Amino acid sequence: MKRVEGKVAIITGAASPNGIGFATAKILVREGGKVVLTDVDAEGVAARAAELVEDGGEAVSMKHDVRSESDWADAIALATGAFGRLDILVNNAGIAYALPIEETTLEQHDTMMAVNVGGVFLGCKAAIAQFRAQKGPGAIVNVSSAAGIIGIPRASIYGASKAAVCIMTKCLAAELGSENIRVNSVHPGTIATDLLLGNAAKDPGSSVDLPMPLSRLGEPIDIAAMILFLASDEAKYITGGQYLVDGGLTAI
Ligand SMILES: NC(=O)c1ccc[n+]([C@@H]2O[C@H](COP(=O)([O-])OP(=O)(O)OC[C@H]3O[C@@H](n4cnc5c(N)ncnc54)[C@H](O)[C@@H]3O)[C@@H](O)[C@H]2O)c1
């Protein structure tokens, strides 16, 4: 029996070939899952879904801005239309930049909060309604960050957004546990994706250079493996937890 056999998952922010979202999609499909990939990058996410289908997986995709409640309704409808149900939501879409506070505009703050916090809020709201309609269990994995736990220079707004995701996760776990809806957060450290490397290129001395026990960047699969575990029934007694996958970054 595969680890998420027959389970249906929505994964947001899955367009990049070397991002955490697509790595998660690949491992869920490998373990028997059916996936709905979403992203603001419609072309990219369609290409990623096509790759999975070509390899024999079950995958569909749609253009989706996580800030839009009607896009969320469409994403749930796509999951139920294509695969009959929804079992897992991975709130992975996010934006990041490193800026000193005095150079950060209110508009940048508001956009960060709208995507990283508002997007997770709307996703949880939509998925929970669907889980309840199915009278079934459900699993939500929110992708937060090590920056939501420790203070990283120039990451004040990003860190605040990811800390909000962490506490939203715990509140929802407390609210929904009696319905067997589990909600956990995963906290990547520095993972070699376009997001991190793109920011590092613009900002030498950024978080890409932070010291850590394992002395190397993580890979998207490192995060995907944790998401798979939390989404699967192996984690059936786990909710409200915050799971670091950070090479030991926050241990020192
Ligand atoms: N890479 C790291 O080191 C790292 C560390 C900690 C946390 N994270 C988090 O992991 C998640 C995935 O990031 P990644 O590193 O794979 O980068 P990524 O850039 O590959 O993935 C983010 C995706 O989100 C999409 N996106 C942005 N705004 C969106 C919106 N409004 N609606 C829908 N999609 C939107 C982007 O198009 C992109 O495909 C993010 O939430 C990020 O904050 C990453």
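Quick caveat: nothing in here was measured; it's all calculated off a predicted structure.

K.L.:
Help me understand the nonpolar core in this model?
P.N.:
Soluble globular proteins tend to bury their nonpolar side chains together. If you look at the biggest cluster of nonpolar residues, it comprises 33 residues, and the most contacted ones within it are Ile11, Val35, Leu37, Leu52, Val186 and Ile227. Mapped onto this core, the elements with two or more residues apiece are β1 (8-12), α1 (20-30), β2 (34-39), α2 (42-54), β4 (88-91), β5 (138-143) and α7 (220-231). Listed in part, the 30 residues of the second largest apolar core include Leu122, Ile140, Met168 and Ala173.

K.L.:
What is the right way to look at the site of the ligand in this model?
P.N.:
Lining the immediate environment of the ligand, one finds 27 residues, of which Asp39, Asn92, Tyr158, Ile191 and Thr193 sit closest. At 2.9 Å from an oxygen atom of the ligand is found a side-chain nitrogen or oxygen belonging to Lys162. In isolation the ligand offers 810 Å² of accessible surface; the protein chains occlude 91% of this area. Among the cavities detected, the one that contains the ligand is the largest pocket. Of all the secondary structure elements, the ones that give two or more residues to the shell around the ligand are α5 (156-176) and α6 (194-202). Taken together, the residues that form the shell around the ligand break down as 12 nonpolar, 11 polar and 4 charged.

K.L.:
Looking at this structure, how should I read the pattern of salt bridges?
P.N.:
In a structure, side chains of opposite charge can pair up when their charged atoms sit close to one another. Counted according to the given criterion, the structure contains 8 salt bridges. A salt bridge links Lys7 to Asp233, with the shortest nitrogen-to-oxygen separation between them at 3.2 Å. Note that Lys7 is positioned in the segment before β1 and Asp233 in the loop between α7 and β7 (242-245), a separation of 226 residues in sequence. When its relative accessible area of 19% is taken as the criterion, Lys7 is described as buried. Notably, a salt bridge pairs Glu31 with Arg30, separated by 3.1 Å at the nearest N-O pair. Judged by its relative accessible area of 12%, Glu31 is buried.

K.L.:
Is there a simple way to explain the layout of surface pockets in this structure?
P.N.:
Empty space among the atoms can be located by rolling a probe the size of a water molecule over them. Estimated volume of the largest pocket: approximately 1000 Å³. Elements that contribute at least two residues to the lining of the largest pocket include exactly β2, α5 and α6. Residue classes in the lining of the largest pocket are distributed as 24 nonpolar, 18 polar and 8 charged.

K.L.:
Is there a simple way to think about the environment of Cys171 in this case?
P.N.:
Topologically, Cys171 is positioned in helix α5. Given the relative accessible area of 44%, Cys171 is considered partly exposed. Cys171 sits 12 residues away from Val183 along the chain, and the two C-alpha atoms are 9.0 Å apart.

K.L.:
I would appreciate a short explanation of helix α4 (residues 106-133) in the present structure.
P.N.:
An α-helix turns once per 3.6 residues; consequently, residues spaced three or four apart project the same way. Spanning 28 residues, α4 covers 39 Å between terminal C-alpha atoms, matching the ideal 40 Å at 1.5 Å per step. Approximately 35 degrees is the largest bend angle found in α4, and it occurs at Gly118. Looking at the residues trailing α4, positive phi occurs at Lys135, about 55 degrees.

K.L.:
Would you mind showing me how to read the sheet that holds β1 here?
P.N.:
Strand-to-strand pairing in sheets goes through backbone hydrogen bonds, with the strands running parallel or antiparallel. Strand order in this open sheet of 7 strands is β3-β2-β1-β4-β5-β6-β7, and the pairing throughout is parallel. In the strand order of this sheet, the two ends are held by β3 (58-63) and β7, each with one partner. Here the average twist between neighbouring strands, direction ignored, is 20 degrees. Of the strand pairs in this sheet, β1 and β2 are connected by 5 bridges, and their pairing is parallel. Residue pairing in the sheet places Ile10 in a bridge with Val36 of β2. Where helix α3 (residues 69-83) meets the sheet, it contacts β1, β2, β3 and β4, and its direction lies at approximately 160 degrees from that of β3.

About the cut-offs
Residues numbered from 1 in each chain as written. Predicted model: local features only at pLDDT ≥ 70, side-chain atom pairs only at ≥ 80, totals over all residues. Heavy atoms only, no water. Core = buried A, V, L, I, M, F, W, Y, C linked by side-chain atoms within 4.5 Å. Buried < 20%, exposed > 50% of the residue type's maximum accessible area, 1.4 Å probe, protein only. Helix = DSSP H or I, 4+ residues; strand = E, 2+ residues; numbered from the N terminus. Near = heavy atom within 4 Å. Polar contact = N/O pair within 3.5 Å; in protein donor to acceptor, adjacent residues only side chain to side chain. Areas by Shrake-Rupley, 256 points an atom, 1.4 Å probe, with all protein chains shown as cover. 1 Å grid on protein atoms, 1.4 Å probe; cavity = no way out; pocket = protein on both sides within 12 Å on 5 of 7 lines; lining within 4 Å. Sits in = over half its atoms within 2 Å of the grid points. Nonpolar A, V, L, I, M, F, W, Y, C, P; charged D, E, K, R; others polar. Salt bridge = Lys/Arg side-chain N within 4 Å of Asp/Glu carboxyl O. Points joined across faces, edges and corners; volume = space filled by probe spheres on them. Expected span 1.5 Å × (residues − 1). Bend = angle between axes of the 7 residues up to and from the residue. Pairing = 2+ DSSP bridges. Axes fitted to C-alpha atoms, helices over the stretch in contact; angles between N-to-C directions. Contact = heavy atoms within 4.5 Å.

All we've got here are geometric facts, nothing functional implied.
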